[in-house]
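What follows is the residue order along each chain.
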Amino acid sequence: MPGLEDLYREIILDHHRNPRNRGELAPPASHAVGHNPLCGDEIDVYLDVTDGIITDVKVGGQGCSISQSSASMMSQAVKGKPVDEVRALVRRFKGMMSIPDEDGNPIEPDPAVKLGDLEALQGVVKFPVRIKCATLAWNTLLEALEQG
Amino acid sequence: MTHSSLDIAAVKAQFPLLQRELNGSPLVYLDSANTSQKPRTVIDAMTQFMEHSYAPINRSAYQLAAEATDQFEGARTKVRRFINARRDHEVVFTKNATESLNLVAYSWGRANLAAGDVVVLTEMEHHANIVPWHMLVQEKGIELRWVPLTDDGQLDLTDLSTLLDGAKAFSFTAMSNVLGTITPVQQLCAAAHAAGAIAIVDGCQYVPHNITDVQAWDADFLAFSSHKLCGPSGIGVLWGREELLDAMPPFLGGGNMIADVRFDGFTTAPLPAKFEAGTPPITEAVGLGAALDFLNGLGMANVRQHEMDVAAYAISTLTERFGDDIQLHGPCNVEVRGATFSFAFRGIHPHDLSQVLDQRNVCVRAGHHCAKPLMRRLGVNATARASFYVYNDTHDVDVLADALDSATDIFGF
């Protein structure tokens, strides 16, 4: 069995204890709610998008340390970024989580897309039941982008 | 307090899976409210049946088929005795308790409920006893009313007669899968009948752990699963009062449930075949019968006493070691609860707790336990749940407590 230190890296626990960009944005910000039906986790993602740039992002909801820290890191990583860069980041992140693309093929890592702190979540892949925790915020982000 | 006469080490020795070690240490299986492990006698009975007696039931004339039919129907008799029902044909084999409850809602509900009719549920039901009724709200426009909870997780019966006034059915759990609460089934059945409603008992958590007597309860329906009482998955039971089952339209259509089929229609077979369309889970019925033999061998009074002992030990150990850092949901009085504990611990999310406990081979469930309305009532979106059965002992409680301490090390609260 892989050790818990692979999962609960210090940077993850830090984001869990001190989540960044917590809160809500008022309409007309787009808002999506993601559920993990297995464990009951819920995540709210609010986005302000102006001229193709995510100018502000807030995260709400309740969840485990993995889903919360992933949401926190996600919010830091996308704030101020163009939407197309963000979509590329989501793709890179999902690839790291061993999630296949729309056609069921593995996603090859795009070296142009930098993960930064998000690499700390790499260990989640060793705990397959937790992959859904890590990706919840990212899927919710995509839903919020669709609304925008 | 009296103590159970069961030798738990000897009981546990009969469960092959519980002898397994993972990463060099023994398993501590605390997820029996989810599904239970299987004793050697159940595994052997199913293997023996498949190796020697397996054949279609109720439809072939040869000796082997007759043997298989006898064993299948023998299991039905064992179920009837286990729950003290009057007649074998009041016992309908289904897929699981969920299907049993759906059968009642679909067949009895569609035949007997119209717009504005009231069905009463409780706030501690799991989804299997909620969603089939919600479907009737959508389809027929029936009204649902909910019996509320007290702060210690029991049913608040203060306004029960008002809630039941004019109701057609009262469907409730005999034991909560989240809180462990055992409800006063006999009293609830009497209250339902006094209001002119039928009483539907969800027994999937209760039946594995207690003496069940549908006649003493004066219930109308009882649903439970095999897989939670040491039997195989894939088979469940719906017991119903004969006159109710007789009056109900069939549920699934197909082979075995018909007396005759013509180009212009069909007539149904008598009970219980009327509700058993298609080839049933034959081997699983034999396994269920073996599981009931196993439990009868232990004695359900002993099983219940043992679980009261373990529950009392768990409550005292966890509260003495962790004080206010642990919050146990549900009543503290073991007379009105089973050994199923949902808890919150030091602000650590249940999913993280279960991950850390898994490192010590302690298997607990984390999540909403298929009871999201109850989770909202408790003001949480998930809990961790440790549920004990007849193969767990007080040592397992100690291992759980030690493992909880190790969660604190990681999360540093």
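Residues numbered from 1 in each chain as written. Chains lettered and ligands numbered in written order. Predicted model: local features only at pLDDT ≥ 70, side-chain atom pairs only at ≥ 80, totals over all residues. Heavy atoms only, no water.

1. Comments concerning the layout of surface pockets
All names here are of chain B.
Phase 1 of the analysis: Roughly 490 Å³ of internal volume is contained in the largest pocket.
Phase 2 of the analysis: Broken down by secondary-structure element, the contributors of at least two residues to the lining of the largest pocket are helix H12 (350-359), strand S15 (362-363) and strand S16 (365-367).
Phase 3 of the analysis: For the lining of the largest pocket, the element with the highest residue contribution is H12, accounting for 4 residues.
Phase 4 of the analysis: Class assignment for the residues of the lining of the largest pocket results in 11 nonpolar, 4 polar and 5 charged.
Phase 5 of the analysis: Considering the residues around the second largest pocket, the lining is formed by 18 residues, among which Thr98, His126, Lys228, Arg365 and Cys370 are closest to the centre.
Phase 6 of the analysis: Within the lining of the second largest pocket, the residues separate by chemical class into 5 nonpolar, 10 polar and 3 charged.
Phase 7 of the analysis: The residue makeup of the lining of the second largest pocket includes at least three contributed by each of domain 1 (8-30 + 299-411) and domain 2 (43-296). (1 Å grid on protein atoms, 1.4 Å probe; cavity = no way out; pocket = protein on both sides within 12 Å on 5 of 7 lines; lining within 4 Å. Points joined across faces, edges and corners; volume = space filled by probe spheres on them. Helix = DSSP H or I, 4+ residues; strand = E, 2+ residues; numbered from the N terminus. Nonpolar A, V, L, I, M, F, W, Y, C, P; charged D, E, K, R; others polar. Domains from an automatic or database assignment.)

2. Things to note about the domain arrangement of chain B
All names here are of chain B.
Phase 1 of the analysis: Considered domain by domain, chain B is made up of domain 1 (8-30 + 299-411) and domain 2 (43-296).
Phase 2 of the analysis: If you average the C-alpha positions of domain 1 and of domain 2, the two centres end up 28 Å apart.
Phase 3 of the analysis: Taken together, the contact pairs 33 residues of domain 1 with 33 residues of domain 2.
Phase 4 of the analysis: Buried surface at the junction of domain 1 and domain 2, both sides included, amounts to about 2500 Å², of which 61% is carbon and sulfur.
Phase 5 of the analysis: Measuring nitrogen to oxygen at the nearest pair gives 3.2 Å for the salt bridge that ties glutamate 123 to arginine 377.
Phase 6 of the analysis: Where domain 1 packs against domain 2, one counts 16 residue pairs in polar contact (both at pLDDT 80 or more). (Contact = heavy atoms within 4.5 Å. Buried area = accessible area lost by both parts, 1.4 Å probe. Salt bridge = Lys/Arg side-chain N within 4 Å of Asp/Glu carboxyl O. Polar contact = N/O pair within 3.5 Å; in protein donor to acceptor, adjacent residues only side chain to side chain.)

3. A few points about the interface of chain A and chain B
Phase 1 of the analysis: Taken together, the contact pairs 24 residues of chain A with 16 residues of chain B.
Phase 2 of the analysis: Interface area for chain A against chain B, summed over the two sides, is near 1800 Å², with a carbon-plus-sulfur share of 50%.
Phase 3 of the analysis: Seen at the junction of chain A and chain B, the total is 1 salt bridge.
Phase 4 of the analysis: Put simply, Arg130(A) and Asp352(B) hold a salt bridge, and the shortest N to O gap is 2.8 Å.
Phase 5 of the analysis: The interface formed by chain A and chain B includes 8 residue pairs in polar contact (both at pLDDT 80 or more).
Phase 6 of the analysis: Elements supplying a minimum of two residues to the side of chain A that touches chain B: helix H1 (4-7), helix H2 (10-17), strand S2 (41-50) and helix H3 (65-78) of chain A.
Phase 7 of the analysis: Looking at the side of chain A that touches chain B element by element, the count peaks at 3 residues for H2(A).
Phase 8 of the analysis: For the side of chain A that touches chain B, the residue count by class is 13 nonpolar, 7 polar and 4 charged.

4. Considerations on the sheet that holds strand S4 (residues 91-94) of chain B
Residues and elements named next belong to chain B.
Phase 1 of the analysis: In space, the 7 strands of this open sheet follow the order S4-S10-S9-S8-S7-S5-S6, with mixed pairing throughout. Strands with a single pairing partner mark the edges of an open sheet, and in this sheet they are S4 and strand S6 (143-147). Across the sheet, the mean angle from the axis of one strand to that of its neighbour is 20°, orientation sign disregarded.
Phase 2 of the analysis: As defined by bridge partners, strand S5 (residues 118-122) adjoins strand S7 (residues 167-173) across 3 bridges and the pair is classed as parallel. (Pairing = 2+ DSSP bridges. Axes fitted to C-alpha atoms, helices over the stretch in contact; angles between N-to-C directions.)

5. Structural notes on the nonpolar core
Phase 1 of the analysis: With 78 residues, the main nonpolar core has Phe93(B), Phe170(B), Val201(B), Trp217(B), Leu222(B), Phe224(B) and Leu229(B) as its most contacted residues.
Phase 2 of the analysis: At 10 residues, the largest contribution of residues to this core is made by helix H10 (residues 282-298) of chain B.
Phase 3 of the analysis: Residues from two domains meet in this core; each of domain 1 (8-30 + 299-411) and domain 2 (43-296) of chain B gives at least three.
Phase 4 of the analysis: Setting aside residues no more than four positions away along its own chain, Val201(B) makes contact with Phe172(B), Ala174(B), Val185(B), Cys189(B), Trp217(B), Ala219(B), Phe221(B), Leu222(B) and Ala223(B).
Phase 5 of the analysis: With 75 residues, the next largest nonpolar core counts Val124(A), Phe322(B), Val362(B) and Val399(B) among its residues. (Core = buried A, V, L, I, M, F, W, Y, C linked by side-chain atoms within 4.5 Å. Buried < 20%, exposed > 50% of the residue type's maximum accessible area, 1.4 Å probe, protein only.)

6. A look at the packing of aromatic side chains
Residue and element names in this part refer to chain B.
Phase 1 of the analysis: On inspection of all chains with the given rule, the structure shows 12 aromatic pairs over all chains.
Phase 2 of the analysis: Relative to phenylalanine 93, the ring of phenylalanine 72 lies with its centre 5.3 Å away and its plane at 65°, an arrangement referred to as edge-to-face. Here the residue phenylalanine 72 occupies a position in helix H3 (residues 63-82), and phenylalanine 93 occupies one in strand S4, the gap between them amounting to 21 residues. There is no split in this pair, since phenylalanine 72 and phenylalanine 93 are both buried. (Phe/Tyr/Trp six-rings, centres within 6.5 Å; stacked < 30°, edge-to-face > 60°.)

7. Quick word on H10(B)
Residue and element names in this part refer to chain B.
Phase 1 of the analysis: The end-to-end C-alpha distance of H10 is 25 Å, a good match for the 24 Å that 17 residues give at a rise of 1.5 Å each.
Phase 2 of the analysis: Of all 17 residues making up H10, 13 are buried, and the element is well covered by its neighbours.
Phase 3 of the analysis: Residue glycine 299 follows H10 closely and has a positive phi angle near 90°. (Expected span 1.5 Å × (residues − 1).)

8. Comments concerning the pairing of S2(A)
Residue and element names in this part refer to chain A.
Phase 1 of the analysis: Sheet topology places strand S1 (residues 30-36) next to S2; 7 bridges connect them, and they run antiparallel. Along S2, the bridge assignment pairs asparagine 36 with aspartate 41.
Phase 2 of the analysis: Counted between consecutive antiparallel strands, the loop separating S1 from S2 contains 4 residues, among which glycine 40 sits at a positive phi close to 90°.
Phase 3 of the analysis: Here S2 runs beside strand S3 (residues 53-62); their pairing, made up of 9 bridges, is antiparallel.

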